[in-house]
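In case you want the letters, here they are:
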Amino acid sequence: MAITAPLLWLDGELVDVSAATTPLLGHAAQRGSLVFDVGSFHRTRHGVALFRPREHVERLVQSARIVGLGVGFDVPALVDAAALVVARCGGEAGLVRWSVLYASGESDLLPRDARTRVVVAAQLLEDTAPARPLRVAMFDDARKASADVLPPEAKVAAAYLGPMLARRRAQAAGADDVVLLDRDGNLAEAPVANVFVVKDGVIRTPALGSVLPGITRATVLELAREEGLRAEEVSLPARALTEADEAFFTGTPLPLRAVGEVDGRSLGDGREGPLTRRLSDRLRRVLAGEDPAHAAWLHPV
Ligand code: PMP
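Residues numbered from 1 in each chain as written. Predicted model: local features only at pLDDT ≥ 70, side-chain atom pairs only at ≥ 80, totals over all residues. Heavy atoms only, no water.

## Some words on a nonpolar patch on the surface
Step number 1: On the surface, a cluster of nonpolar side chains totalling about 280 Å² of accessible area is made up of Leu 161, Met 164 and Leu 165.
Step number 2: For Met 164, the position within the fold is in helix α4 (residues 161-172). (Patch = residues over 30% accessible without salt bridge, like charges linked within 9 Å, V, L, I, M, F, W, Y side chains within 5 Å. Areas by Shrake-Rupley, 256 points an atom, 1.4 Å probe, with all protein chains shown as cover. Salt bridge = Lys/Arg side-chain N within 4 Å of Asp/Glu carboxyl O. Helix = DSSP H or I, 4+ residues; strand = E, 2+ residues; numbered from the N terminus.)

Shown next, in the form of structure tokens:
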């Protein structure tokens, strides 16, 4: 659970969260056209810092371009807005959420009034219990929309409906989450995370094309290669997950979380595997500002 900080950045001004409303009958609510991105901030040894905010904002702009929403602010302005709401929230670790949505109350499929609003909010995470490995499910008919229906690069509200139903189904079956397949039945991603498998010391994740280009995914691929590990982006059959030695999810809030069970069967001994732990520790050091080689990924607030 995330709790939104009371001050939001709305079109260039700080406003109280209660003042930032969207019309109930407007396009964002009725058609799910709101685009968004979620970054994170961390307590580092040099103070509070955002992690790779430029990459998050660039992905937001790309999502907006796909959906056809204008973003009236440039990338540096939206990074600064994030730094401002984070500084004002007073927290030391949490999420930052950028959103772009149609401003008008029209719900017509193609609104005539194309004006948009841009909102940036800091969100504090409630204390979470120590993370145990995830239990995940896969269903042959729980698939991502294919790229010709909806490009996977677009973080748009409407894209999360299918994944939401699939996660509900997984939870009804006793799992924590679901791994969705692509149109061809290969591994794609979880509703809000990318998936990695480890087999015989090689780390693999589905290639771009059917998955969101996760910023944690890119970070972990880079860190794995720096560690001298083989890390590949390839097409993976569903059994690559059930037969993996280790598997993990990556995503901004996680940021790297072991998978311990797939469809009711343990992966290995069901605990966090050695390569998962090594990458997770390495990522934790980067986020804490303890890795000078990647200081540029941290943006002080
Ligand atoms: N896939 C999807 C569909 C997501 O929504 C997310 C969360 N943004 C991810 C993967 C992970 O991306 P990131 O590491 O950039 O948070």
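## Structural notes on the pattern of salt bridges
Step number 1: Scanning all chains against the criterion turns up 26 salt bridges.
Step number 2: A salt bridge links Arg 115 to Asp 113, with the shortest nitrogen-to-oxygen separation between them at 2.7 Å.
Step number 3: The salt bridge partner of Arg 132 is Asp 176, with a shortest N-O separation of 3.0 Å. A residue pair is termed long-range when its members are at least 10 positions apart, and Arg 132 in the loop between β7 (116-125) and β8 (134-143) and Asp 176 in the loop between α4 and β9 (177-181) qualify at 44 residues.
Step number 4: Residues joined in a network through salt bridges with shared partners are Glu 226, Glu 227, Arg 278, Arg 282 and Asp 291.

## A closer look at the nonpolar core
Step number 1: Leu 78, Val 96, Trp 98 and Val 120 are the most contacted members of the largest nonpolar core, which totals 28 residues.
Step number 2: When residues of this core are traced back to their parent elements, those giving at least two are β4 (35-44), β5 (47-51), α2 (53-67), α3 (75-89), β6 (94-102) and β7.
Step number 3: Core analysis: the next-biggest nonpolar cluster, separate from the first, contains 20 residues, Leu 229, Ala 231, Phe 248 and Leu 279 among them. (Core = buried A, V, L, I, M, F, W, Y, C linked by side-chain atoms within 4.5 Å. Buried < 20%, exposed > 50% of the residue type's maximum accessible area, 1.4 Å probe, protein only.)

## Focus: the packing of helix α5 (residues 215-226) against helix α7 (residues 274-287)
Step number 1: The interhelical angle for the contact between α5 and α7, taken along N-to-C directions, is 110°, at an axis separation of 10 Å. For the element pair α5 / α7, the angle class is roughly perpendicular. Together, Thr 216, Thr 219, Val 220, Leu 223, Ala 224 and Glu 226 of α5 and Leu 279, Arg 282, Leu 283 and Val 286 of α7 make up the contact between the two elements.
Step number 2: Partitioned by chemical class, the residues of the contact of α5 with α7 number six nonpolar, two polar and two charged. (Axes fitted to C-alpha atoms, helices over the stretch in contact; angles between N-to-C directions. Parallel < 35°, antiparallel > 145°, perpendicular 65-115°, else oblique. Contact = heavy atoms within 4.5 Å. Nonpolar A, V, L, I, M, F, W, Y, C, P; charged D, E, K, R; others polar.)

## Some thoughts on α3
Every α-helix carries 3.6 residues per turn, so stepping three or four residues along brings you back to the same face.
Step number 1: Relative to the 21 Å expected for 15 residues at 1.5 Å per residue, α3 spans 21 Å between its end C-alpha atoms, a close match to the ideal helical length.
Step number 2: One side-chain oxygen at the N-terminal end of α3 lies 3.0 Å from the backbone nitrogen of Ala 77; it belongs to Asp 74.
Step number 3: Gly 90 sits one or two residues past α3 and shows a positive phi near 80°. (Expected span 1.5 Å × (residues − 1). Polar contact = N/O pair within 3.5 Å; in protein donor to acceptor, adjacent residues only side chain to side chain.)

## Digging into the site of the ligand
Step number 1: By nearness alone, 15 residues border the ligand, and Tyr 160, Glu 189, Ile 215, Thr 216 and Thr 252 come closest of all.
Step number 2: Between an oxygen atom of the ligand and a side-chain N or O atom of Thr 252, the distance comes to 2.6 Å.
Step number 3: In isolation the ligand has 390 Å² of accessible area, and contact with the protein removes 96% of it.
Step number 4: For the shell around the ligand, the elements supplying multiple residues, two or more each, are β11 (193-199) and α5.
Step number 5: Its residues assigned to classes, the shell around the ligand comprises six nonpolar, six polar and three charged. (Near = heavy atom within 4 Å.)

## Overview of the packing of aromatic side chains
Step number 1: In the structure shown here, the tally under the stated rule is four aromatic pairs.
Step number 2: Their ring planes at 85° and their centres at 5.9 Å tell us that Phe 51 and Trp 297 sit as a pair that is edge-to-face. Of this pair, Phe 51 sits in strand β5 while Trp 297 is found in the loop between α7 and β17 (298-300), placing the two residues 246 residues apart along the sequence.
Step number 3: Taking relative accessible area as the criterion, Phe 51 reaches 7% and is therefore assigned buried.
Step number 4: Lying over the aromatic face of Phe 139, Arg 169 brings its terminal NZ or CZ to 4.0 Å of the ring centre. (Phe/Tyr/Trp six-rings, centres within 6.5 Å; stacked < 30°, edge-to-face > 60°. Lys NZ or Arg CZ within 6 Å of the ring centre and 35° of its normal.)

## Points about the environment of Glu 227
Step number 1: Within the secondary structure, Glu 227 sits in the loop between α5 and β13 (230-234).
Step number 2: A sequence separation of 122 residues divides Glu 227 from Gly 105, and the C-alpha atoms of the two residues are 51 Å apart.
Step number 3: The contacts of Glu 227, once residues within four sequence positions are left out, are Arg 278 and Arg 282.

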